[in-house]
Amino acid sequence: MLDVTINITTEELRKSAVQFKKQLLAMPVIGARRTLMHMTGRPGVRGRQVVGEMSGDAQFGPYSNSRKDTDQPKITPRTLETFLGSVIKDFDPNEVWQTVYGSLISQGEGLKNVDIARAVLSLLAAKLGKNLNMSIWDAVRNANGTTTKDLFNGFDTITGTEITAGNIAAAKGNYLLLSEAITSSNAVDVLKSIYRTASDELQEEKVKLYIPRYVYNAYVDDYQQTVGSVPYNTKFEKTFVEGSNDLCELVPLASKKNSKYIHMSTQSNMLYGYGNGLGEKIEVDRFSSFVLTYAATLYFGVEFESISKERLLVAELPTV
């Protein structure tokens, strides 16, 4: 192994924080990519941004030079709200350097102090991203809280609020209460029933079925038992709901682990907003011997663009 001497200083870390500010502030979002890759990002959102869908009708009729369509389009607004979060964390640079040094040493003589300084800050930001990933669904906004789950309202929290308000309901065609728990004996039928409960318009779209991983495991096990060795069953892993013509993608997520909801929606309807460096900061400083302080602020929040039956179906798991 090539011997490379690393002598990183607090000042180099400060310079890297300034030089790579935008990239480093994006790291928590990148760290949550296992979930967010199935959603649509809105960068540059600080506070509130009105989103929503426009509905209305327009039709050809038999030719007439006097008939005029007077129906006005209707916009159903929703608000994507991001909240400013902060972190102040003391860390021992020696411990972090040892963690990243092994992966950087292969760069040999090309390895510069600035490389490892950036890697140190990236590692800290990535750890923030892991917690962000696990909060996408069940976060509940609490201005007096101290964790990522207190920063914003997650999709499940928003869903629960809309169900209580009657805006997500069976009568509106965007809600289904399941009558039985999902197991390896019924998963195929249950997920097929969820898909077929959706509106015809939603079934004609490319959609994603956001599910806990245990539901996915139950589905593939049940599929093998139900379908067996028919010619088209060529592999154990399953990507789409059976009978959806490959339009409904199965999306098992660790972040959905304790969720009581299954969401079926288009990727474009699942929005997350972040500041993209606007009004955000990242700083590194020394306030005591041997220990540095990492401080950063970041805007983040999620929202459905629409909860209409043409864009969303929520299936609620039964209470055990």
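Summary of the structure given here.

Rules used in this analysis
- Residues numbered from 1 in each chain as written.
- Predicted model: local features only at pLDDT ≥ 70, side-chain atom pairs only at ≥ 80, totals over all residues.
- Heavy atoms only, no water.
- Helix = DSSP H or I, 4+ residues; strand = E, 2+ residues; numbered from the N terminus.
- Buried < 20%, exposed > 50% of the residue type's maximum accessible area, 1.4 Å probe, protein only.
- Areas by Shrake-Rupley, 256 points an atom, 1.4 Å probe, with all protein chains shown as cover.
- Salt bridge = Lys/Arg side-chain N within 4 Å of Asp/Glu carboxyl O.
- 1 Å grid on protein atoms, 1.4 Å probe; cavity = no way out; pocket = protein on both sides within 12 Å on 5 of 7 lines; lining within 4 Å.
- Points joined across faces, edges and corners; volume = space filled by probe spheres on them.
- Nonpolar A, V, L, I, M, F, W, Y, C, P; charged D, E, K, R; others polar.
- Axes fitted to C-alpha atoms, helices over the stretch in contact; angles between N-to-C directions.
- Parallel < 35°, antiparallel > 145°, perpendicular 65-115°, else oblique.
- Contact = heavy atoms within 4.5 Å.
- Pairing = 2+ DSSP bridges.

Overview of the overall build of the protein chain
For step 1, the next point in the chain: What the protein chain contains, in helices and strands, is 9 helices and 12 strands.
For step 2, the next point in the chain: Classification of the 320 residues of the protein chain by burial places 45% in the buried group.
For step 3, the next point in the chain: Here the protein chain displays about 17400 Å² of accessible surface, and carbon together with sulfur accounts for 50% of that area.

Quick word on the pattern of salt bridges
For step 1, the next point in the chain: Scanning the model with the defined rule gives 11 salt bridges in all.
For step 2, the next point in the chain: One salt bridge in this structure joins Arg14 and Glu11, with 2.9 Å as the shortest N-O distance. Placement of both Arg14 and Glu11 in helix 1 (residues 10-19) is noted, with a separation of 3 residues, approximately one turn of the helix.

Quick word on the layout of surface pockets
For step 1, the next point in the chain: Estimates place the volume of the largest pocket at around 550 Å³.
For step 2, the next point in the chain: What lines the largest pocket is a set of 24 residues, and nearest its centre among them are Gly85, Ser86, Val87, Thr148 and Leu151.
For step 3, the next point in the chain: Counting residues per element, the ones that place at least two in the lining of the largest pocket are helix 2 (21-31), strand 4 (83-91), helix 5 (113-133) and strand 11 (291-304).
For step 4, the next point in the chain: Looking at the lining of the largest pocket, its residues break down into 12 nonpolar, 10 polar and 2 charged.

A short note on the packing of helix 7 (residues 187-197) against helix 9 (residues 213-227)
For step 1, the next point in the chain: Axis separation between helix 7 and helix 9 bottoms out at 7 Å; the angle between their running directions is 115 degrees. Classified by the interaxial angle, the pair formed by helix 7 and helix 9 is roughly perpendicular. Across the interface between the two elements, Ala187, Val188, Asp189 and Leu191 of helix 7 pack against Val215, Ala218, Tyr219, Asp222 and Tyr223 of helix 9.
For step 2, the next point in the chain: Here the residues of the contact of helix 7 with helix 9 are counted per class, giving 7 nonpolar, no polar and 2 charged.

What to know about the sheet that holds strand 12 (residues 312-316)
For step 1, the next point in the chain: Taken together, the 5 strands give an open sheet; going across it, the order is 5-12-8-6-7, and neighbouring strands pair in mixed fashion. Two strands in the sheet have a free side with no partner beyond their single neighbour: strand 5 (175-177) and strand 7 (248-253). Neighbour to neighbour, the strand axes of the sheet diverge by 20 degrees on average, direction disregarded.
For step 2, the next point in the chain: Here strand 6 (residues 207-212) pairs with strand 7 via 6 bridges, running parallel. Looking at strand 7, one finds that Leu209 is bridged to Leu250.
For step 3, the next point in the chain: Docked against the sheet, helix 6 (residues 155-164) engages strand 5, strand 8 (261-265) and strand 12, running at close to 95 degrees with respect to strand 8.
For step 4, the next point in the chain: This element, helix 7, spans strand 5, strand 6, strand 7, strand 8 and strand 12 of the sheet and lies at about 45 degrees to strand 8.

Regarding the environment of Glu12
For step 1, the next point in the chain: With respect to the secondary-structure elements, Glu12 resides in helix 1.
For step 2, the next point in the chain: When the C-alpha positions of Glu12 and Arg118 are compared, they lie 9.0 Å apart, and in sequence the two are 106 residues distant.

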